Amino acid sequence: MAGCACGTNVRFEGVSRRYRRVLLAVIAINAVMFVVEMTAGVLAGSQALKADALDFLGDTLTYALSLWAIGRPLSVRSAAALVKGASLGAMGLWVLGATLWQVLSTDVPVAPVMGAVGALAFAANVASVLLLLRYRDGDSNVRSVWLCSRNDAIGNVAVIGAAGSVALTGAAWPDLLVAAAMAALFLWSSAQIVTQALAERAEARAGANAPT
């Protein structure tokens, strides 16, 4: 299977024209969905939609960084992954804080808008996940792209479920609960990316210091 090291001991580093094309397509999908979902989140008053929209924005920026890092030395690729991991963690903390603040509000989001936009976002993320599926076991730079896309798809399912719960209960708590769960997922993925990136940085240093 060209361009993928899945099932072997060699980590795929993204050096493939096919992977670059896939990454460009995924970047475009995420950029468009950020605009769509953030607009819908503001109009519907949904914290979960806003959180998911921020994830789309974060993915757009970090995928562009991933594209830039392809083919560069391991130390550079691991540093790029560290930046992405840290930004994902910061986003998780921001969403968590915004959700806690929103608890003080009594506004109930518009459930039909949440459900419709959540379904559209889910379709977009499933397309991204399918495009990236064969590249899920690469180095930290490549794997971070897979983890972010997987998170998006999971988050969209949760948003759709929250929309149904808001419609049934007439309360805002399902929306806030999903936003908090998404923040936790961001933080967990951030820890995974940072851990792998730090290991790769240590590997790069060891290689640089090895006697020739």
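Check the entry above for the structure.
Here's what I pulled together on the structure shown here. Since the structure is predicted, the reported quantities are computational estimates derived from the model, not experimental observations.

## Observations concerning the overall build of the protein chain
Across its full length, the protein chain carries six helices and zero strands. Helices and strands in the protein chain line up, N terminus first, as α-α-α-α-α-α. For the protein chain, with 212 residues in total, the buried portion stands at 47%. Taking the contacts inside the protein chain whose residues are at least 6 apart along the sequence as the reference set, 82% of them involve residues at least 24 apart. Roughly 9,800 Å² of accessible area belongs to the protein chain as shown, and the carbon and sulfur atoms make up 70% of that amount.

## A closer look at helix α1 (residues 17-44)
With 28 residues, α1 should reach 40 Å at 1.5 Å per residue; the first-to-last C-alpha distance of 40 Å fits that figure. Of the positions making up α1, those classed as buried are Tyr19, Val22, Leu23, Val26, Ile27, Asn30, Met33, Glu37, Ala40, Gly41 and Ala44. Those residues of α1 hidden inside the fold are in contact with α2 (47-69), α4 (111-132) and α5 (140-169). The opening residue of α1, the one whose side-chain oxygen lies 3.3 Å from the backbone nitrogen of arginine 18, is serine 16. Glycine 45, located one to two residues past α1, shows a positive phi value of around 70°.

## Here's the deal with the environment of asparagine 156
Inspection of the secondary structure assignment puts asparagine 156 in helix α5. Beyond its immediate sequence surroundings of up to four residues, asparagine 156 is in contact with Glu37, Asp52, Gly118, Ala121, Phe122 and Asn125.

Rules and cut-offs
Residues numbered from 1 in each chain as written. Predicted model: local features only at pLDDT ≥ 70, side-chain atom pairs only at ≥ 80, totals over all residues. Heavy atoms only, no water. Helix = DSSP H or I, 4+ residues; strand = E, 2+ residues; numbered from the N terminus. Buried < 20%, exposed > 50% of the residue type's maximum accessible area, 1.4 Å probe, protein only. Contact = heavy atoms within 4.5 Å. Areas by Shrake-Rupley, 256 points an atom, 1.4 Å probe, with all protein chains shown as cover. Expected span 1.5 Å × (residues − 1). Polar contact = N/O pair within 3.5 Å; in protein donor to acceptor, adjacent residues only side chain to side chain.

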